[in-house]
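Single-letter residue listing:
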Amino acid sequence: MNLNNRIRTTMKNNPPLSINTHLVPPQAPELEAAVLGALLIETTAFQEVEDLLQPEDFYNPAHQTLYRAMLRLRNRRSPIDLLTVMEELSSQNELEGTGGPLFLTELTTHIASSAHIRYHAEIVKVKADLRRLIRIAAELYHRAHNAAEDPRELMEDFEKLLTEVFTGASGSLSSLLPDVLRQTIVQATQAAELHQAGKQVGIPTGLHKLDKALGGGWHAPDLIILGARPSMGKTQLALFFAKSAAQAGNHVLFVSGEMAATQLGGRYLLEDERIDPAHLRSGQMTPEEWNAMEETAGQLWDLPIHIAAGHEIRHLHHIRSEARRLKRKGQLQMMIMDHLGLTRTGQKFQNRYQEIGYITGELKNLAKELDIPILLLSQLSRPPKGTGIRMPQLEDLRESGDIEQDADVVLIIHKPDYYDADAVDSKGEPWKGRGKLFMAKNREGVRNSELIFYHDSRYKRIGDKAFGNGSQGEGFPAGVEF
């Protein structure tokens, strides 16, 4: 059977799906009325639903108009009750369109209190999400019949829309200033409450001074660049950041276009000084090393770190897809990518510089879309031959124009002892076992500052204190803070 006949046979056996447009969309008008009635009889009830419901979540157009009027009152910090809402609707010539004073009064007679308003609002939200899913499915159905559509682009658009539904992202492209100010005040209040309770404001980095410099750790939706010359330990430091975030209960997606998942797992196991890297690779592990590995694995076992490695994950659309999938499951608070130079878009650009700019721009958009910080590793250019080794600067980022523009934070690793084993600092302290983190850019804080971190002799363990003598410390007394 030739190709054309096979296609015709397949279409005959699998007729195109049809979408029944006569079905009644999911809705809960009685519960919508109950929510609005509760808001009208109790002024303080609005705070129970303001983080959950948007006007578009109501199926009844009159209910949408009524809820918008309540939002306007809330933004002006005016009380919300039957009289104020009626006056607000009247001032906007919307009162008769919602059914008039009698309609509003009837809403208050259907419910005695706001005791169950949150439960009712959640059901209204579920019905609204189901309607959104129906619209998304219909759009996918019609676009998929267009032969000119790029399937990869269609799938990515579909995933983005699904993620917006599951994360409650608003479809609106703008927000009124009162809404923005209210959200800002809420964030500031939450940060203050966490601080007073002695809790971390952001996602912890694992280095106390870096947390302080970043205003409490990593913050959404920042795009953070971690740059370094080759062999400076970018991957190991990134793994340390991932572990620190996960130990605080945050789900982290670690994307590696360079190493296999088992190689990254090996990096974590080798933090234990009792395990010889050569033995782990060659299979010549001693009983003591097996016991050490089991003990170390047990300490890491429950960390919520998701590792995406392999050839496919180098493509930007696969990275975005996996991030959105985890976000929909409630399993993504931070993403780390190793590294920028290996990421591909599958699109044609005049040069790599333009492609790099596209990648960093899209990652910044993804950070905002998913409301997560993204840490992106990047190579620095090697110093020209014949020149002295200096502290790398922002301009040393390869193809750095758009990287500088899109990044909120740029951190640069520098290890003087890599170039000179006997290197010392200005105080005569040896650099062996220490490294610098240079804050080349910090959109929300101080820049051009330097932080010191410590590592063991194998550059497997990292911390903000010097490690003790022996295989992990070499020359630094335990407990010395930087």
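Coordinates for the structure precede this section.
Everything in this summary refers to the structure shown in the same document. (Residues numbered from 1 in each chain as written. Predicted model: local features only at pLDDT ≥ 70, side-chain atom pairs only at ≥ 80, totals over all residues. Heavy atoms only, no water.)

### As for the overall build of the chain
Argument step 1. The number of helices and strands found in the chain is 17 helices and nine strands.
Argument step 2. Of all intrachain contacts in the chain linking residues separated by at least 6 positions in sequence, the fraction that spans at least 24 positions is 64%. (Helix = DSSP H or I, 4+ residues; strand = E, 2+ residues; numbered from the N terminus. Contact = heavy atoms within 4.5 Å.)

### Quick word on the environment of Gly215
Argument step 1. With respect to the helices and strands, Gly215 occurs in the loop between α9 (208-213) and β1 (223-228).
Argument step 2. Separated by 15 residues in sequence, Gly215 and Gln200 have C-alpha atoms that sit 9.8 Å apart.

### Notes on the pairing of strand β7 (residues 434-442)
Argument step 1. By the criterion of burial, β7 is predominantly enclosed, with nine of the nine residues buried.
Argument step 2. Taken together, the six bridges between strand β6 (residues 409-414) and β7 define a ladder with antiparallel strand orientation. Paired with Ile413 across the bridge in β7 is Leu437.
Argument step 3. Taken together, the six bridges between β7 and strand β8 (residues 449-455) define a ladder with antiparallel strand orientation. Counterpart to Gly435 in the pairing with β8 is Phe453.
Argument step 4. Where β7 folds back on β8, the antiparallel hairpin that results is connected by six residues, among which Asn448 adopts a positive phi of roughly 60 degrees. (Buried < 20%, exposed > 50% of the residue type's maximum accessible area, 1.4 Å probe, protein only. Pairing = 2+ DSSP bridges.)

### With respect to the nonpolar core
Argument step 1. Core analysis: the biggest nonpolar cluster contains 37 residues, and Leu210, Trp218, Phe241, Ile336 and Leu437 have the highest contact counts within it.
Argument step 2. For Trp218, the contacting residues outside a window of four places in its chain are Gly202, Ile203, Pro204, Thr205, Leu210, Ile224, Phe241, Met334, Pro373, Leu375 and Leu411.
Argument step 3. Counting 33 residues, the second largest nonpolar core, distinct from the first, contains Val255, Leu316, Ile374 and Ala407. (Core = buried A, V, L, I, M, F, W, Y, C linked by side-chain atoms within 4.5 Å.)

### Considerations on the layout of surface pockets
Argument step 1. Approximately 330 Å³ is the volume found for the second largest pocket.
Argument step 2. Residue lining of the second largest pocket: 18 residues in total, with His219, Ala220, Pro221, Asp222 and Glu444 positioned closest to the centre.
Argument step 3. For the lining of the second largest pocket, the per-class residue count stands at seven nonpolar, five polar and six charged. (1 Å grid on protein atoms, 1.4 Å probe; cavity = no way out; pocket = protein on both sides within 12 Å on 5 of 7 lines; lining within 4 Å. Points joined across faces, edges and corners; volume = space filled by probe spheres on them. Nonpolar A, V, L, I, M, F, W, Y, C, P; charged D, E, K, R; others polar.)

### Looking at the packing of aromatic side chains
Argument step 1. For the coordinates displayed, the defined rule picks out six aromatic pairs.
Argument step 2. Through pairs of rings, three or more aromatic residues link up here, namely Phe46, Phe58 and Tyr67.
Argument step 3. The positively charged end of Arg434 is found above the aromatic ring belonging to Trp431, 4.4 Å away from the centroid. (Phe/Tyr/Trp six-rings, centres within 6.5 Å; stacked < 30°, edge-to-face > 60°. Lys NZ or Arg CZ within 6 Å of the ring centre and 35° of its normal.)

### Topic: the side chain of Asp417
Argument step 1. Mapped onto the fold, Asp417 is located in helix α17 (residues 416-419).
Argument step 2. Within polar-contact distance, the side chain of Asp417 engages the side chain of Lys415 at 3.0 Å.
Argument step 3. Those residues in contact with Asp417 that sit more than four places away from it in its chain are Ala423, Trp431, Lys432, Gly433 and Arg434. (Polar contact = N/O pair within 3.5 Å; in protein donor to acceptor, adjacent residues only side chain to side chain.)

### Considerations on the pairing of strand β5 (residues 374-379)
Argument step 1. The element β5 is largely enclosed, with a buried count of six among its six residues.
Argument step 2. Neither face of β5 is exposed, since Ile374, Leu376 and Ser378 on one face and Leu375, Leu377 and Gln379 on the opposite face are all buried.
Argument step 3. Bridging between β1 and β5 involves six bridges; their strand directions are parallel. Residue pairing for β5: Leu226 is matched across the bridge by Leu377.
Argument step 4. As judged from the three bridges shared by strand β4 (residues 334-338) and β5, these two strands associate in the parallel manner. Residue pairing for β5: Ile336 is matched across the bridge by Leu375.
Argument step 5. At this point the chain moves from β4, through helix α15 (residues 352-370), to the parallel β5, and the crossover so formed is right-handed. (Right-handed = clockwise from strand over helix to strand, strands pointing away.)

### Points about the packing of helix α3 (residues 61-75) against helix α4 (residues 82-91)
Argument step 1. Running from N to C, α3 and α4 point in directions that differ by 105 degrees, and their axes come no closer than 9 Å. By the angle between their axes, α3 is roughly perpendicular relative to α4. Facing Thr65, Leu66, Ala69, Met70, Arg72 and Leu73 of α3, the residues of α4 in contact are Thr84, Val85, Glu88 and Leu89.
Argument step 2. The class makeup of the residues in the contact of α3 with α4 is six nonpolar, two polar and two charged. (Axes fitted to C-alpha atoms, helices over the stretch in contact; angles between N-to-C directions. Parallel < 35°, antiparallel > 145°, perpendicular 65-115°, else oblique.)

### A short note on the sheet that holds β7
Argument step 1. The nine strands lie next to each other as β3-β2-β4-β5-β1-β6-β7-β8-β9, forming an open sheet whose pairing is mixed. Here the strands that pair on one side only, and so sit at the sheet edges, are β3 (305-309) and β9 (462-463).
Argument step 2. In terms of strand pairing, strand β2 (residues 252-256) meets β4 through five bridges, oriented parallel. Across the sheet, the residue bridging to Val255 is Met337, located in β4.
Argument step 3. The sheet contacts of helix α14 (residues 316-328) involve β2, β3 and β4, and relative to β2 the element is tilted by about 165 degrees.

### Some remarks on helix α11 (residues 261-269)
The periodicity of an α-helix, 3.6 residues per turn, causes residues three or four positions apart to be oriented the same way.
Argument step 1. Turning to α11, its buried residues are Leu264, Gly266, Tyr268 and Leu269.
Argument step 2. Lining the buried residues of α11 we find α10 (234-247), β2, α12 (277-282), α13 (287-300) and β3.

### Quick word on unusual backbone geometry
Argument step 1. The step from Ala220 to Pro221 runs through a cis peptide bond, and the omega angle for that step is -5 degrees.
Argument step 2. Within the secondary structure layout, Pro221 lies in the loop between α9 and β1.
Argument step 3. The step from Asp338 to His339 runs through a cis peptide bond, and the omega angle for that step is 0 degrees.
Argument step 4. For Asn93, which is not glycine, the phi dihedral falls at a positive 55 degrees.
Argument step 5. Tracing the sequence through the fold places Asn93 in the loop between α4 and α5 (100-109).
Argument step 6. Even without glycine at this site, Ser231 takes up a positive phi of about 70 degrees.
Argument step 7. By the element assignment, Ser231 lies in the loop between β1 and α10.

### Digging into empty space enclosed by the protein
Argument step 1. Overall, the coordinates contain two cavities of 30 Å³ or more when judged by the stated rule.
Argument step 2. Of the pockets and cavities examined, the largest cavity occupies roughly 50 Å³.
Argument step 3. Listed by contribution, the elements that provide at least two residues to the lining of the largest cavity are α6 (117-144) and α7 (151-167).
Argument step 4. Taken as a whole, the second largest cavity encloses approximately 40 Å³ of empty space.
Argument step 5. In the lining of the second largest cavity, the residues fall into five nonpolar, three polar and two charged.

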